[in-house]
2 protein chains.
Amino acid sequence: MIRVYTSALFLAGALGISSETLAKEPIEPIEPISAKEINSAQMALGKKLFFDTRLSKSGFISCNSCHNLGMGGTDNLKTSIGHKWQQGPINAPTVLNADMNIAQFWDGRAEDLKEQAGGPIANPGEMAFTHELAIEVLASIPEYAAQFKQAFSTGKIDIDQVTRAIAEFEKTLVTPNARFDQWLRGNKDAITEQELAGYNLFKTNGCTSCHNGAAVGGTSFQKMGVVKPYETENKAQGRAGVTGKDEDRFVFKVPILRNIERTYPYFHDGKAETLTKAVDVMGRLQLGKEFTEKENAKIVAFLKTLTGDQPSFALPILPPSTDKTPQPNPFE
Amino acid sequence: MIRVYTSALFLAGALGISSETLAKEPIEPIEPISAKEINSAQMALGKKLFFDTRLSKSGFISCNSCHNLGMGGTDNLKTSIGHKWQQGPINAPTVLNADMNIAQFWDGRAEDLKEQAGGPIANPGEMAFTHELAIEVLASIPEYAAQFKQAFSTGKIDIDQVTRAIAEFEKTLVTPNARFDQWLRGNKDAITEQELAGYNLFKTNGCTSCHNGAAVGGTSFQKMGVVKPYETENKAQGRAGVTGKDEDRFVFKVPILRNIERTYPYFHDGKAETLTKAVDVMGRLQLGKEFTEKENAKIVAFLKTLTGDQPSFALPILPPSTDKTPQPNPFE
C-alpha cells in the first residue's frame, strides 16, 4: 500500500528546473514516503490498531474516531467527543503529515507520534482505557499475537510496541501531490492566477514566518494573539502547561495548513468554522492587518491548493475477539 | 470493487458433482454479487454515505459506527451507543449479507435495506438527525450534489435517493467463499472432521429448521424461548410491536449465522458473550436439549467455518463540507 514515488530532485531534474528554484520558496513540496523508510510489518499492524475500537474502554472509540482518515484526519468538530460523550478540551489536530510536526499535541507535550499514541488510550476523557487492559485485549487475540511477534520478534506484547506500530502507520499518512506542490515543482499551470495572488499575499504579509516548511506549519510554537488578544472560553493554556512558564500562556504549536480545506473547524478551540473567518482572525490578531474581502478570498483560494492526495488503503479487517478477551464496558 | 465469481452450478460441474448434491443440504453457499446486479454509481455514493458522520446530529456517528465493516458489520457491543452516549435498546445486527433477510431489524419492521437505512438517521436515540437536515448537509457539498446527479439523474437530492444508495452499497456486502461453502461445493477437505461432526449435530438436532438458507438464518421469525422462557432484562417485545398480536411477543427474526465468529455478542439483548454460551442456551431453550461439552465444542467449531471473505474496499475519502454546510451539534 505504500506509494513509492521518484524523489523531488529527480522530478525537478526531469522538468528542467534546478533544485535552487525549489529552495527559494518558504514552503516545500511534501516528499512521498518511500517504502524503505517504513517497517512494513509494524505499519500493517499499526493500521489495524488505528481502527481498533477495542483500545477504548467502551469498545466504541478508535484512533480513527477523532482522526478520521476519510475526513482529513480529523473529526471536524470544535472539540472531540470522548468516553461517555465527554466534551474534549481542545480541537483534534489532523494526523495527516503529523510526523512533520516538531512535537505532538497543541502544546507539544509529546515528543513524537509514538509518545502521542499512548495518550488518548489512557486519557479518562478520551478512550478511557488503561495500557495494561489494552495489552490484555490484544494478547488474547491470536491473530494480533502472531502479528506482534512478526513485527517485533518478541513473544510479549507491550505498550511500547503498540504505540510504535501506530506511529509507523501514521508516518505513512502523508499527502503529496497537492496542486501547490505541482506548482512548486515547476508546473505553472497547476494553480490559477487568483490562487497565486493568494500565495503572494500569504508570503508578503508574513503568514509564512510561522506557516512554512513542507507541512506549512508545525515547525514552531507561537502565541495565539500577538497583536491583539484572542478571546475564547476555551481553557487551554498552551505551552505554559508544559514549561510552567507564564510567558508560554496561549503559546501553541503552529498548526499544519496542509489539507486545511478538510480540517475545519479551525484554531485550538475550533471556533473558526470557515477559512474566511480563520484568515480574517489571523490577519487581525497575529499580523495587525485587516485583509479586504478580495484579499481574503485570494488567500483562501491559495489555501485550498494545499490539499494533497489523501492516503488510500483498504479498510482493515480486524481479527475477532476470543472467549478470553476482556469485554468492553461502555456504560460503566 | 465488486467480486465476480463463476456460478455455484458451474463450479459444481467443474468439480464433477451434480447440482443435486448441493440441493440436499439445508444451507446453501453464498453467491457472490455480480456486477450486473449492482448500480455502480449508486453503490459508490452509498459507500461514502455509509461512512459519513455528517448524517448524524453530532457529526460523530455514521452507519459504520454500529455496523463496523472491519468488525463483522457490527459494533460487538451488547447494545449500541447512540447520540450523547444513549444506550440502545437492542443488539445491532450485522449488515453483512443483510440483504438475504426476509425483513430488516430484529422485529422485521422494515421491509428491506432501503427502508431500514432511513431509520437510524432520524432515530433520536441513534444518529438523532432529521432527514431534512441530512439532505441539507448533502446538498451543500458540491461533490455530493454531482454524485447524486450522476447516480439518479435528477437535480434534487431526497431521502429516497440517500437510502437507495446506502442500500445499494449494502447489497454488495456479501461474504462468499467460507470454508463451509467450499465444502458444500465439493471440497471435502475444506472442513475438519470435528467441524463436520458439528454440522451433523447442527442438522440432526434441528438447528437448521430455523438457521437455513444461504445466510444460515434470516428466513423466518421465531419465538425466543420455545421450550423454556428466555430470561432477560431487555424490554424488546419483538414482532408484537409490529403486528400488535400478543402471540408475537418475544418473536424475533432468526439472526444470520454467517460470520458468527465475528458478530459477538449474541441474541437480541447481546447477553451471550461467547458462541459456547449461545449454543448452550439455544439447545436448552429452543430445542429442549442439553448439549454435552464435546457436542457444544463441535457445533462451535462448525459455526466458525461460516466466516467468509470479508468485503474489501478502500476507505472512502469523503468530500469536505463548505461554508454553507449546517454545523454539527454534538453537545446540544
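Within every chain, residues take consecutive numbers counted from 1 along the sequence as written. Written order determines the labels here, with chains lettered from A and ligands numbered from 1. Where local features are concerned, this predicted model is filtered to residues with pLDDT of at least 70; where side-chain atom pairs are given and counted, the filter is 80 or more; whole-chain, interface and lining totals use all residues. Side-chain metrics in this entry use all non-hydrogen atoms of the structure; hydrogen atoms and water are not considered.

S.K.: Now, about the interface of chain B and chain A: what can you tell me, with residues and values included?
M.R.: The contact rule is simple, with two residues in contact once any of their heavy atoms fall within 4.5 Å. On the chain A side, the residues contacting the 47 residues of chain B number 47 residues. On the chain B side of the interface with chain A, the three residues burying the most area are B:F60, B:W85 and B:F331, jointly 22% of the side's total. Salt bridges are defined as contacts in which a side-chain nitrogen from Lys or Arg sits within 4 Å of a carboxyl oxygen from Asp or Glu. The tally of links between chain B and chain A comes to 0 salt bridges. Within 3.5 Å is the distance limit for a polar contact, defined as a pair of N or O atoms, with the added protein rule that one can donate a hydrogen and the other accept it, and that residues adjacent in sequence qualify only through two side-chain atoms. Seen at the junction of chain B and chain A, the total is 12 residue pairs in polar contact (both at pLDDT 80 or more). Looking at side-chain class alone, the side of chain B that touches chain A contains 21 nonpolar, 19 polar and 7 charged residues. Each of two parts loses accessible area, computed with a 1.4 Å probe, when they are put together; buried area is these two losses added. Residues are grouped as follows: Ala, Val, Leu, Ile, Met, Phe, Trp, Tyr, Cys and Pro are nonpolar; Asp, Glu, Lys and Arg are charged; all remaining types, including Gly, are polar.

S.K.: Outline a negative patch on the surface, supporting the account with residue identities and numerical values.
M.R.: Residue and element names in this part refer to chain A. Only residues whose relative accessible area exceeds 30% and that take part in no salt bridge are eligible for patches, with like-charged residues grouped when within 9 Å of each other and nonpolar side chains (Val, Leu, Ile, Met, Phe, Trp, Tyr) grouped when within 5 Å. Surface accessibility follows the Shrake-Rupley procedure with a 1.4 Å probe radius. Residue values consider only the protein chains on display as shielding. This count recognises Lys and Arg as positive and Asp and Glu as negative, with His and chain-terminal groups excluded. In this description, the location of a charge corresponds to atom NZ of lysine, CZ of arginine, CG of aspartate or CD of glutamate. A surface patch of negative charge is lined by D99, E111, D112 and E115. Helix and strand definitions follow DSSP, with helices as H or I runs of at least four residues and strands as E runs of at least two, each counted in order from the N terminus. Following the sequence through the fold, D99 ends up in the loop between helix 4 (63-66) and helix 5 (113-122). Note on D99: relative accessible area 41%, which makes it partly exposed. The cut-offs for exposure are 20% and 50% of the maximum accessible area for each residue type, with area from a 1.4 Å probe on protein chains only; residues under the lower value are buried, those over the upper are exposed, and the others partly exposed.

S.K.: Can you explain the nonpolar core? Please cite residues and give values.
M.R.: Side-chain atoms within 4.5 Å link the members of a nonpolar core, which is a set of buried Ala, Val, Leu, Ile, Met, Phe, Trp, Tyr and Cys residues. Residues A:L49, A:L69, A:F148, B:L49, B:L69 and B:F148 are the most contacted members of the largest nonpolar core, which totals 85 residues. Apart from the residues lying within four places of it in its own chain, the contact partners of A:F148 are A:L45, A:L49, A:L138, A:S153, A:I157, A:Q161 and A:V162.

S.K.: Tell me about the pattern of salt bridges, residues and numbers included.
M.R.: For the coordinates displayed, the defined rule picks out 23 salt bridges over all chains. We note a salt bridge from A:E31 to A:R185, for which the minimum N-O separation is 3.3 Å. Taken together, the positions of A:E31 in the loop between helix 2 (19-23) and helix 3 (40-51) and A:R185 in the loop between helix 9 (179-184) and helix 10 (193-204) put the pair 154 residues apart, joining distant regions of the chain. A:E31 sits in the partly exposed class, given a relative accessible area of 38%. Among the ionic pairs, B:E295 bridges to B:K289, the shortest N-O distance being 4.0 Å. Here B:E295 falls in the buried class, since its relative accessible area comes to 18%. Assessed through its relative accessible area of 26%, B:K289 is described here as partly exposed. Through salt bridges with shared partners, one network takes in A:K114, A:D160 and A:R164.

S.K.: Outline the packing of helix 12 (residues 275-287) of chain A against helix 13 (residues 293-303) of chain A, supporting the account with residue identities and numerical values.
M.R.: Residues and elements named next belong to chain A. Geometry is summarised by axes, namely lines fitted to C-alpha atoms with helices restricted to the contacting stretch, and by angles between N-to-C directions that run from 0 to 180 degrees. For the pair helix 12 and helix 13, the least separation of the axes is 9 Å and the interaxial angle reads 115°. Seen from above, helix 12 lies across helix 13 with right-handed handedness. Mapping the contact onto sequence places L275, T276, V279 and D280 in helix 12 and N296, I299, V300 and L303 in helix 13. By convention the crossing between two helices is left-handed if the near helix lies anticlockwise of the far one by an angle smaller than a right angle, and right-handed if it lies clockwise.

S.K.: Please provide a residue-by-residue account of unusual backbone geometry, values included.
M.R.: Geometrically, the link from A:Y264 to A:P265 is a cis peptide bond, its omega value of -10° lying close to zero. Here A:P265 shows up in the loop between strand 2 (251-253) and helix 12. Located in the positive-phi region is A:W85, a residue other than glycine, with phi close to 65°. In this structure, A:W85 sits in the loop between helix 4 and helix 5. A relative accessible area of 7% places A:W85 in the buried class. Even without being a glycine, B:F267 presents a positive backbone phi close to 80°. Inspection of the secondary structure puts B:F267 in the loop between strand 2 (251-253) and helix 12 (275-287).

S.K.: Run through the packing of aromatic side chains, naming residues and quoting values.
M.R.: Residues and elements named next belong to chain A. To pair, rings of Phe, Tyr and Trp, with the six-membered ring standing in for Trp, must have centres within 6.5 Å; the planes then decide the type, stacked if under 30 degrees apart, edge-to-face if over 60, and tilted in the middle. Following the criterion strictly, the structure yields 30 aromatic pairs over all chains and no others. For the pair F169 and F313, a centre-to-centre distance of 5.6 Å together with 90° between the ring planes defines the contact as edge-to-face. You can see F169 sitting in helix 8 (residues 159-171) and its partner F313 sitting in the segment after helix 13, a full 144 residues away along the chain. As far as burial versus exposure is concerned, F169 and F313 are alike and both buried. Three or more aromatic residues link up through ring pairs in this structure, and these residues are F180, W183, Y199, F202 and F302.

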